[in-house]
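Take a look at the letters that make up each chain.
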Amino acid sequence: MKSTAKQEVLALSGDEAVAYAAKQSDVDVVAAYPITPQTIIVEKFSEYVANGEVQTEFICTESEHSALTACLAASATGARTFTASASAGLALMHEMLFVTSGSRAPVVMAIANRALSAPLNIHGDQSDSMAERDSGWIQIYVENAQEAYDSVIQAFRIAEDLQVLLPVIVGLDGFTLSHTLENVKAFSDDVVQRFVGTRQLASVLTHEGKSVPFRLDPENPMTMGPIALPNYYFEFKRQQEEAMKNALAVIQRVNSEFAEVSGRSYGNGLVDAYCLEDAEVAVLCVGSTAGTLKTVVDALRQEGVKAGLLRLRTFRPLPVEEIRSALANVKAVAVMDKSMSFGGNGGAVFHEVRHVLYDAEAHPFVVNYIYGLGGRDTSPRELRGIYEDLQRILKAQCVEMIVQYLGLRE
Amino acid sequence: MTSREKSWKEIAPAGVCSKSSTGFKTGDWKTYMPVRDPAKCTRCLTCVLFCPDGAILWRPEKGDIEFDYSYCKGCGICANECPTKAITMKLEQELVSK
């Protein structure tokens, strides 16, 4: 194995780690609007701009809808583009999320995951980005500030890959990660710039039959974002699905290439397993809760319980094969959802994981825990209770409650 | 679905146009079409300026205007703006059947 690049340990919050990664990734345009708990990202980045530390064009917009519109337009010219949002801000972008992915603009956006109103709540849960799961964006959720830094750098490579050309959301849990100071190993600027490289452009045929770079360019005018009637719209949507499939391989490749430079990897980039090889009971979660779950798994292993953990790092595209093989030998799985799908009989992650396991040879028991809404704290003791529930299910060989609420007052 | 329409594997991403917009004869959308009375028309060219589709052309060699019905969608703005009421909107169906 090649020696890794020199790194410096910095004390950074998750938001600062995101801003620092964007600063080093040679971003051409940032258009953003501040919202708690993402604010620090935008503040920090504007500081870099004010200090002349970056060459980035920084656009303060009047709303998140405009921020993403500006990013899409900049990205269409071939610029590397970054933004960040959360909660109501992301919701206001909703329309433009679809336009961005449909336009195949590789915008990278950090989301400091936060609850949605009403009632008003500024704290962390994953309702905001989970509500955008069908918007055509790749979604990567991180466990800690280090991974937030690493994933933003990786996101540019994934988004801009010519087999992908899709926008990427990097989700970090609001406050738990966004505002918590951690030791983060950071590269020097040149290492990051070498890793992300220069944005490459796809080739398309213009109406004159010329093959030109896929970007808005007065020298080679082309129409972007035209109307597609019933005879073609469907075909464009199918292209996006193919790009998502291609992203599965690209995310894994970028994860391993990043490991060569950093010495760090996150499972295979799609799922990150912990003590899962011989596990009988396992929890599947998304985001920072995995950190707490690892200490719980360690304690249970000490007691002889075959407990394991699968962190779903990439939620879109859903790594169907990887989830299925990771959980192939597990007998009972608890899926954790930090968001509600009202009336849906469980959360979004639960629905999808259960759908994946339908085609597994040995069906494990699969139950759902909704937790942490509006920033509700989740303790190791509560998480331990999930494993105890799973053991009871195995003993009884039946499930009493498919969907439960963890840490809720009944 | 006709055979000349391409599969999703053959088309440029994101709907980038592979042919000029002039190739799309959007005039077939119209229900009403503008008809001009040359006697009333003063060639002031107000209609040329107002037409949102550039479907009314000034022909200097003829010293007259010309409607390009391939692109006229029949919106009626020309008729509305004409200061001498030289343009009237007529049902295309009736004009064609006559």
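Residues numbered from 1 in each chain as written. Chains lettered and ligands numbered in written order. Predicted model: local features only at pLDDT ≥ 70, side-chain atom pairs only at ≥ 80, totals over all residues.

### A closer look at the overall build of chain A
Heads up, the condition is: Secondary structure elements follow DSSP: runs of H or I of four or more residues count as helices, runs of E of two or more count as strands, with numbering from the N terminus. Each residue is classified by how many other C-beta atoms fall within 10 Å of its C-beta atom, where C-beta atoms are placed from the backbone; a count of 20 or more means buried, 12 or fewer means exposed, and values in between mean partly exposed. Here contacts are defined at the residue level, using C-beta atoms placed from the backbone and a cut-off of 7 Å between them.
Of regular secondary structure, chain A possesses 12 helices and 17 strands. For chain A, the proportion of its 410 residues judged to be buried stands at 51%. Look at the contacts in chain A between residues 6 or more apart in sequence, and 78% of them connect residues 24 or more apart.

### Structural notes on the sheet that holds strand E13 (residues 307-312) of chain A
Residues and elements named next belong to chain A. Cut-off, in case you're wondering: Two strands pair if DSSP finds at least two bridges between them. Axis lines are fitted through C-alpha atoms, for helices just across the contact stretch, and the angle between N-to-C directions can take any value from 0 to 180 degrees.
The strand order across the open sheet built from six strands is E11-E13-E12-E15-E16-E17, with neighbouring strands paired in mixed fashion. At either end of the open sheet lies a strand with only one pairing partner, and these are strand E11 (271-274) and strand E17 (403-406). Going across the sheet, the axis of each strand differs from the next one's by a mean of 25 degrees, ignoring polarity. The pairing of E11 with E13 spans four bridges and is classified as antiparallel. Residue Ala273 lies in a different strand from E13, and its bridge partner there is Leu310. Where helix H9 (residues 289-302) meets the sheet, it contacts E11, strand E12 (281-285), E13 and strand E15 (332-337), and its direction lies at approximately 165 degrees from that of E13.

### Some thoughts on the environment of Ser256(A)
All names here are of chain A. Tracing the backbone through its elements, the reader meets Ser256 in helix H8 (residues 233-262). Using a count of 11 C-beta atoms within 10 Å as the deciding quantity, one classes Ser256 as exposed. The spacing of Ser256 and Asn268 is 12 residues in sequence and 7.4 Å in space, taken between C-alpha atoms.

### Notes on the interface of chain A and chain B
The extent of an interface is frequently quoted as the accessible surface area lost upon association of the parts. Stated formally: The nonpolar class holds Ala, Val, Leu, Ile, Met, Phe, Trp, Tyr, Cys and Pro. Asp, Glu, Lys and Arg form the charged class, and all remaining residues, Gly among them, are polar.
Tallying the contact residues gives 20 residues for chain A and 14 residues for chain B. Put simply, the parts of the chain that give the side of chain A that touches chain B at least two residues each are strand E9 (203-205) and H8 of chain A. Broken down by element, the residue count for the side of chain A that touches chain B peaks at four residues, all from H8(A). When grouped by side-chain class, the residues that make up the side of chain A that touches chain B number 10 nonpolar, seven polar and three charged.

### Regarding the sheet that holds strand E6 (residues 138-141) of chain A
Residue and element names in this part refer to chain A. Taken in spatial order, the seven strands of this open sheet run E3-E2-E4-E5-E7-E6-E14, and their pairing is mixed. One side of each edge strand has no neighbouring strand; the edge strands of this open sheet are strand E3 (57-60) and strand E14 (314-316). Adjacent strand axes in the sheet meet at a mean angle of 20 degrees, parallel and antiparallel pairs treated alike. Both strand E4 (residues 81-85) and strand E5 (residues 108-113) contribute to a ladder of four bridges, which runs parallel. When the sheet's bridge partners are listed, Ser85 is paired in E5 with Ile111.

### With respect to the environment of Ile59(A)
All names here are of chain A. By the element assignment, Ile59 lies in strand E3. Spatially, the C-alpha atom of Ile59 lies 30 Å from that of Glu8, the residues being 51 residues apart in sequence. Among all residues touching Ile59, those that are not within four sequence positions of it are Val29, Ala31 and Ala70.

### Observations regarding the packing of helix H6 (residues 145-160) of chain A against helix H7 (residues 189-196) of chain A
In a packed pair of helices, the relevant descriptors are the angle between the two axes and the axis-to-axis distance. Residue and element names in this part refer to chain A. The following threshold applies: Should an angle lie under 35 degrees it is considered roughly parallel, over 145 roughly antiparallel, and from 65 to 115 roughly perpendicular; all remaining angles are considered oblique.
The contact between H6 and H7 brings their axes to 9 Å, and the two run at 25 degrees. Compared by their axis directions, H6 and H7 come out roughly parallel. Of H7, the residues touching H6 (which contributes Ile153, Phe156 and Arg157) are Val192, Phe195 and Val196. Taken together, the residues that form the contact of H6 with H7 break down as five nonpolar, no polar and one charged.

### A short note on the pairing of strand E2 (residues 29-32) of chain A
Residue and element names in this part refer to chain A. Neither face of E2 is open: one carries Val29 and Ala31, the other Val30 and Ala32, and all of them are buried. Of the strand pairs in this sheet, E2 and E3 are connected by four bridges, and their pairing is parallel. When the sheet's bridge partners are listed, Val30 is paired in E3 with Phe58. Both E2 and E4 contribute to a ladder of two bridges, which runs parallel. Across the sheet, Val30 pairs through a bridge with Phe82, a residue of E4.

### Re the domain arrangement of chain A
Residue and element names in this part refer to chain A. To keep things clear, this is the line we draw: As annotated, the domain borders come from an automatic or database domain assignment.
The domains assigned to chain A are domain 1 (7-201 + 228-262) and domain 2 (271-406). Distance between the C-alpha centres of domain 1 and domain 2: 27 Å. Top element by residues in the side of domain 1 that touches domain 2 is H8. It accounts for five residues. Considering only residue class, the side of domain 1 that touches domain 2 consists of 12 nonpolar, nine polar and five charged.

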